[in-house]
Structure formats: C-alpha cells, structure tokens
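Summary of structural features
Each chain, letter by letter, is given below.
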Amino acid sequence: MNEGFIKLHRKLSEWEWYRDTNVLCLFIHILLLANWEDKKWQGTTIKRGSFITSLGHLASESGLTIKQTRIVL
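The text that follows walks through the structure, step by step, so that each part is easy to find.

Parameters at a glance
Residues numbered from 1 in each chain as written. Predicted model: local features only at pLDDT ≥ 70, side-chain atom pairs only at ≥ 80, totals over all residues. Heavy atoms only, no water. Helix = DSSP H or I, 4+ residues; strand = E, 2+ residues; numbered from the N terminus. Contact = heavy atoms within 4.5 Å. Patch = residues over 30% accessible without salt bridge, like charges linked within 9 Å, V, L, I, M, F, W, Y side chains within 5 Å. Areas by Shrake-Rupley, 256 points an atom, 1.4 Å probe, with all protein chains shown as cover. Salt bridge = Lys/Arg side-chain N within 4 Å of Asp/Glu carboxyl O. Buried < 20%, exposed > 50% of the residue type's maximum accessible area, 1.4 Å probe, protein only. Expected span 1.5 Å × (residues − 1).

A word on the environment of Thr53
Examined against the element boundaries, Thr53 turns out to sit in the loop between strand E2 (44-46) and helix H2 (55-62). A sequence separation of 26 residues divides Thr53 from Phe27, and the C-alpha atoms of the two residues are 14 Å apart.

Here it is as structure tokens:
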C-alpha cells in the first residue's frame with residue numbers, strides 16, 4: 001500500500017478549508033490511505049478509493065486528537 005503516488009492539484013490552495021491545518025492534514029492523510037485498487041478485507045471487497053478505519057486510528061496516525069478528528073469529519 002505504500003507504493004506509488006497521489007496527485008494534488010495546485011487549486012487545492014484555493015479550497016475554502018485549505019488554511020485549516022487540521023482539515024488539510026486529515027484530508028491529505030485520507031488521500032494517502034485510500035485503496036488505489038479493489039482489495040479484500042475479512043471476505044469483503046473494499047473498493048478503490050475506499051478504506052476501513054476508525055476515529056482512533058485516524059487520530060493516532062495523523063497526530064490529531066480523537067476530538068479534533070471527529071470535529072473535522
């Protein structure tokens with residue numbers, strides 16, 4: 001999963017939430033986690049562009065608190 005790259009358009013800097021560092025951090029983190037191809041997880045197909053996680057997992061990986069993560073989502 002840690003192979004390849006993602007593209008970010010330069011217009012991302014014009015996004016209304018761009019200056020909110022928590023939102024931007026979590027947004028980019030989620031882009032990096034998303035499956036680039038369909039995968040199987042416990043017998044269920046997880047489609048390309050999706051992934052399975054929890055608030056606690058997102059918080060610990062992104063460096064935000066659970067409350068900060070919950071407010072962003």
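Now that the structure has been shown, the text picks up again.
Regarding the environment of Asn22
The topology assignment puts Asn22 in helix H1 (residues 21-33). Counting along the chain gives 39 residues from Asn22 to Glu61, while the straight-line C-alpha distance between them is 13 Å. Contacts of Asn22, omitting those with residues within four sequence positions, involve Leu64, Gln68 and Val72.

Some details on a nonpolar patch on the surface
A contiguous nonpolar patch, built from Ile6, Leu8, Phe27, Leu31 and Leu32 and spanning about 400 Å² of accessible area, is present on the exposed surface. Looking at the element boundaries, Leu31 is found in helix H1. Of the residues examined, Leu31 reaches a relative accessible area of 31% and is grouped as partly exposed.

Regarding H1
Between its first and last C-alpha, H1 extends 18 Å over 13 residues, near the 18 Å set by a 1.5 Å rise per residue. Among the residues of H1, those classed as buried are Val23, Leu24, Leu26, His29 and Leu33. Check the buried side of H1 and you find it contacts H2 and helix H3 (66-72).

That's the geometry; what it means functionally is another story.
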